[in-house]
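Listed below are the residues making up each chain.
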Amino acid sequence: RWTRAQAEAAFDALLVHRPDWIEQPLPAADFEGHGGLAQRFSTPIALDESVVLDPGAAMDVASVMVLKPMFLGDLAETMALALAAQARTLGVCLTHALGSKVERVGVQHLAAALADDAVHGVGRPVDGDRVALSLEPGLGVSP
């Protein structure tokens, strides 16, 4: 949530490190500012909170869409946004809000349903960022 001047300075300074992306560098509603950064710098911009405000505007300026079903409504709406982003050749990072097991596993199932080349934020680094889903039906929760 930098100012535009702070973001430009940070992008300049971080360029040497070649980050995969910089997430939500400006306030969520500053789509014009995000667009300016995207035009000026080669480092991809990932938008998170901006997606909740206006998914279409976020897709117009982001390189990566960070999607959290808990904030977007549900898994079906999140899947529709992920597919729309992929159709525009944008990266997709599916993640959760550190909620319940049902939320986490639901996002993992959603990630598994997307194309293999999608970017996901639900794997564990210790597992090589791979997700191992249960072969049992449901989300693994018993009453």
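Up top is the structure these notes are about.
Quick caveat: nothing in here was measured; it's all calculated off a predicted structure.

Remark: helix α6 (residues 75-87) packs on helix α7 (residues 101-113), axes separated minimally by 11 Å, with the N-to-C direction vectors making an angle of 35°. For the element pair α6 and α7, the recorded crossing hand is right-handed. Judged by residue contacts, Leu75, Thr78 and Met79 of α6 engage Gly106, Val107, Leu110 and Ala113 from α7. Tallied by class, the residues present in the contact of α6 with α7 amount to five nonpolar, two polar and no charged.

This paragraph deals with the packing of aromatic side chains. All told, the structure shown has one aromatic pair when counted by the stated rule. Relative to Phe41, the ring of Phe11 lies with its centre 5.1 Å away and its plane at 45°, an arrangement referred to as tilted. Linking Phe11 in helix α1 (residues 4-14) with Phe41 in the loop between α2 (31-40) and β2 (45-47), this pair joins segments that are 30 residues apart in sequence. Pair check on accessibility: Phe11 and Phe41 agree, each one buried.

On to unusual backbone geometry. Even without a glycine there, the phi angle at Gln24 is positive, about 45°. Along the chain, the position of Gln24 falls in the loop between β1 (22-23) and α2. A residue is classified by how much of its surface remains accessible, and Gln24, at 6% relative accessible area, is buried. Despite not being glycine, Thr89 shows a phi value in the positive range, around 60°. Among the structural elements, Thr89 can be located in the loop between α6 and β4 (91-94).

A grouping of Val52, Met70 and Phe71 is seen on the molecular surface, where their side chains present a nonpolar patch of about 310 Å² in accessible area. Mapping Met70 onto the fold places it in helix α5 (residues 69-72).

This brings us to the pairing of β4. Where burial is concerned, the two faces of β4 agree: the one with Gly91 and Cys93 and the one with Val92 and Leu94 are both buried. Bridge count between strand β3 (residues 64-67) and β4: four bridges; the pairing is parallel. Residue Val66 lies in a different strand from β4, and its bridge partner there is Cys93.

All right, on to the packing of α1 against α2 then. Any two packed helices are characterised by how steeply their axes cross, that is the angle between the axes, and by the distance between the axes. At a closest axis distance of 11 Å, the pairing of α1 and α2 adopts a crossing angle of 25°. Accordingly, the angle class assigned to the pair α1 and α2 is roughly parallel. The two elements α1 and α2 meet at a crossing, and its hand is right-handed. Of the residues in α2, those in contact with Arg4, Ala7, Glu8, Phe11 and Asp12 of α1 are Glu32, Gly33, Leu37 and Arg40.

Cut-offs applied
- Residues numbered from 1 in each chain as written.
- Predicted model: local features only at pLDDT ≥ 70, side-chain atom pairs only at ≥ 80, totals over all residues.
- Heavy atoms only, no water.
- Axes fitted to C-alpha atoms, helices over the stretch in contact; angles between N-to-C directions.
- Helix = DSSP H or I, 4+ residues; strand = E, 2+ residues; numbered from the N terminus.
- Left-handed = near helix turned anticlockwise from the far one by under 90°.
- Contact = heavy atoms within 4.5 Å.
- Nonpolar A, V, L, I, M, F, W, Y, C, P; charged D, E, K, R; others polar.
- Phe/Tyr/Trp six-rings, centres within 6.5 Å; stacked < 30°, edge-to-face > 60°.
- Buried < 20%, exposed > 50% of the residue type's maximum accessible area, 1.4 Å probe, protein only.
- Patch = residues over 30% accessible without salt bridge, like charges linked within 9 Å, V, L, I, M, F, W, Y side chains within 5 Å.
- Areas by Shrake-Rupley, 256 points an atom, 1.4 Å probe, with all protein chains shown as cover.
- Salt bridge = Lys/Arg side-chain N within 4 Å of Asp/Glu carboxyl O.
- Pairing = 2+ DSSP bridges.
- Parallel < 35°, antiparallel > 145°, perpendicular 65-115°, else oblique.

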